[in-house]
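A structural walkthrough
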Amino acid sequence: MGFYFYKRWATHKPNISISKKGLIQALNIYSHTHTVAQSHRGAAAMEYVSPEGLRLDGRRPMEMRQLRAELGAVSRADGSAVFEMGNTKVIAAVYGPREVQNRSQQINDKALIRCEYTMANFSTGDRMRKPKGDRRSTEISLVIRQTMEACIMTHLMPRSQIDIFVQVLQADGGTRSACINAATLALADAGIPMCDLVTSCSAGYLNSTPLLDLNYVEDSAGGPDVTVGILPKLDKVTLLQMDAKLPMDIFENVMQLATEGCKAVANYIREVLLENTKQLENRRGV
């Protein structure tokens, strides 16, 4: 519509000339202005934090969704776990350490870590089939693998292979963080030696308010979204991703909020592992 307007304007005004370069610049300005105006109208139309300080799902800005976890969900795997953050539900399975299947990939001084991320076709309201190995799945698989490599003591298991499979069963925002948390629990269930538990959480910035643990509606609003992964005991950051630009002072506040969320997840995972250990001891009569 904008191109048609400028084309007519240039064609039917013989006393006014406009160059091709000028036309392109004008179209770029129009497109940018139109996009910005649309985004502002969308943000203004949707109120993500009420005047009472409540979000759309009833949480406070700094309140996390309910966490749930279960170990041993896949009996044939060496370690497995189901992890839920609100309505987001993820299952992870770990196989290994075992012999490297492809000898050309074998590493003499440490273990080879492989990761595969998938989304179940029924996990979202979108019923379109996504091809296996699409770009987003490949990217998230790489992110999870690199994050897990930061905590696994691979040097203790040379010339071996550890496979991590993660699948999203139900998606409602924060799937990347839920996958990392599920993988951590599955690795612990498999007895894989780790220097620390790696946990992840996200935070965003909407309606001039930092929000912890975004759900799908908040995540889809187009605002800045920061995903953080940490090693809580070592106080190290293993993952930091941001989808949009933020002023430095606001970014620090949002990142700090996400880090606090990671620490809360770490405390919960420790409680789950401790409870699971007590149950194992009771079964063995220790």
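Refer to the structure presented above.
Keep in mind it's a predicted model, so treat the numbers as computed, not measured. (Residues numbered from 1 in each chain as written. Predicted model: local features only at pLDDT ≥ 70, side-chain atom pairs only at ≥ 80, totals over all residues. Heavy atoms only, no water.)

Turning next to the overall build of the protein chain. Counting its secondary structure elements, the protein chain contains 6 helices and 9 strands. When burial is assessed residue by residue, the protein chain has 42% of its 286 residues classed as buried. Within the protein chain, counting contacts between residues at least 6 apart in sequence, those at least 24 apart form 68% of the total. Of the roughly 16,400 Å² that the protein chain leaves accessible, carbon and sulfur atoms contribute 52%. (Helix = DSSP H or I, 4+ residues; strand = E, 2+ residues; numbered from the N terminus. Buried < 20%, exposed > 50% of the residue type's maximum accessible area, 1.4 Å probe, protein only. Contact = heavy atoms within 4.5 Å. Areas by Shrake-Rupley, 256 points an atom, 1.4 Å probe, with all protein chains shown as cover.)

Within the secondary structure, Thr199 is located in strand E6 (residues 199-206). Judged by relative accessible area, which is 0%, Thr199 ranks as buried. Only 2.9 Å separates the side chain of Thr199 from the backbone oxygen of Cys262, close enough to count as a polar contact. If we ignore the near neighbours within four places in the chain, the residues touching Thr199 are Asn181, Val228, Gly229, Ile230, Pro232, Cys262, Val265, Ala266 and Ile269. (Polar contact = N/O pair within 3.5 Å; in protein donor to acceptor, adjacent residues only side chain to side chain.)

Relative orientation of the contacting elements helix H4 (residues 175-189) and helix H6 (residues 248-284) amounts to 30°, with a least axis distance of 11 Å. Classed by the angle they form, the pair H4 and H6 counts as roughly parallel. With respect to the hand of their crossing, H4 and H6 are arranged in right-handed fashion. Contacts between H4 and H6 involve Asn181, Leu185 and Ala188 from the former and Val265, Ile269, Val272 and Leu273 from the latter. (Axes fitted to C-alpha atoms, helices over the stretch in contact; angles between N-to-C directions. Parallel < 35°, antiparallel > 145°, perpendicular 65-115°, else oblique. Left-handed = near helix turned anticlockwise from the far one by under 90°.)

To continue, consider the environment of Met157. Topologically, Met157 is positioned in the loop between helix H3 (135-149) and strand E5 (160-170). The spatial distance from the C-alpha of Met157 to the C-alpha of Lys110 is 5.7 Å, given a sequence separation of 47 residues.

So, on to the sheet that holds E6. In space, the 4 strands of this open sheet follow the order E7-E6-E8-E9, with antiparallel pairing throughout. The sheet terminates laterally at strand E7 (209-212) and strand E9 (236-242), the two strands that pair on one side only. Across the sheet, the mean angle from the axis of one strand to that of its neighbour is 20°, orientation sign disregarded. With 4 bridges connecting them, E6 and E7 associate as antiparallel partners. Bridge pairing links Gly204 to Leu211 in E7. Across the face of the sheet, H4 comes into contact with E6, strand E8 (225-231) and E9 while running at roughly 165° to E6. (Pairing = 2+ DSSP bridges.)

Two elements, strand E3 (residues 88-99) and E5, share 9 bridges in a ladder whose sense is antiparallel. Bridge pairing links Val90 to Val168 in E5. In this sheet, E5 lies alongside strand E4 (residues 112-119) in parallel orientation, the contact comprising 8 bridges. In the strand pairing of E5, Glu116 is matched with Phe165.

Moving on, we come to the nonpolar core. Counting 57 residues, the largest nonpolar core has Phe83, Met148, Ile152, Ile162, Ile164 and Leu187 as its most contacted members. Of the residues forming this core, the biggest block, 12 residues, is contributed by H6. Counting residues in each nonpolar core, the second largest holds 5 residues, with Tyr48, Val49, Leu206 and Leu211 among its members. (Core = buried A, V, L, I, M, F, W, Y, C linked by side-chain atoms within 4.5 Å.)

Before going further, it helps to examine H6. With 37 residues, H6 should reach 54 Å at 1.5 Å per residue; the first-to-last C-alpha distance of 54 Å fits that figure. One or two steps after H6, the chain reaches Gly285, where phi turns positive at roughly 70°. (Expected span 1.5 Å × (residues − 1).)

Let us look at the packing of aromatic side chains. All chains considered together, the criterion is met by 2 aromatic pairs. Taking the centre distance of 5.9 Å and the plane angle of 80° together, the rings of Tyr95 and Phe165 count as edge-to-face. Residue Tyr95 is found in strand E3, and its partner Phe165 is found in strand E5; the two are separated by 70 residues along the sequence. Since its relative accessible area comes to 24%, Tyr95 is described here as partly exposed. Phe165 sits in the partly exposed class, given a relative accessible area of 31%. (Phe/Tyr/Trp six-rings, centres within 6.5 Å; stacked < 30°, edge-to-face > 60°.)

Another point: the sheet that holds strand E1 (residues 67-71). Pairing in this open sheet of 5 strands is mixed, and the strands run E1-E2-E3-E5-E4 from one edge to the other. A single partner strand is all that each edge strand has here, and the edge strands are E1 and E4. With direction set aside, neighbouring strand axes in the sheet form an average angle of 15°. In terms of strand pairing, E1 meets strand E2 (residues 79-85) through 5 bridges, oriented antiparallel. Paired with Ala69 across the strands is Phe83, a residue of E2. Contacts from H3 reach E4 and E5, with the element oriented near 140° to E4. Most of the contacts of H4 go to E2, to which it runs at about 150°, and overall it touches E1, E2, E3, E4 and E5.

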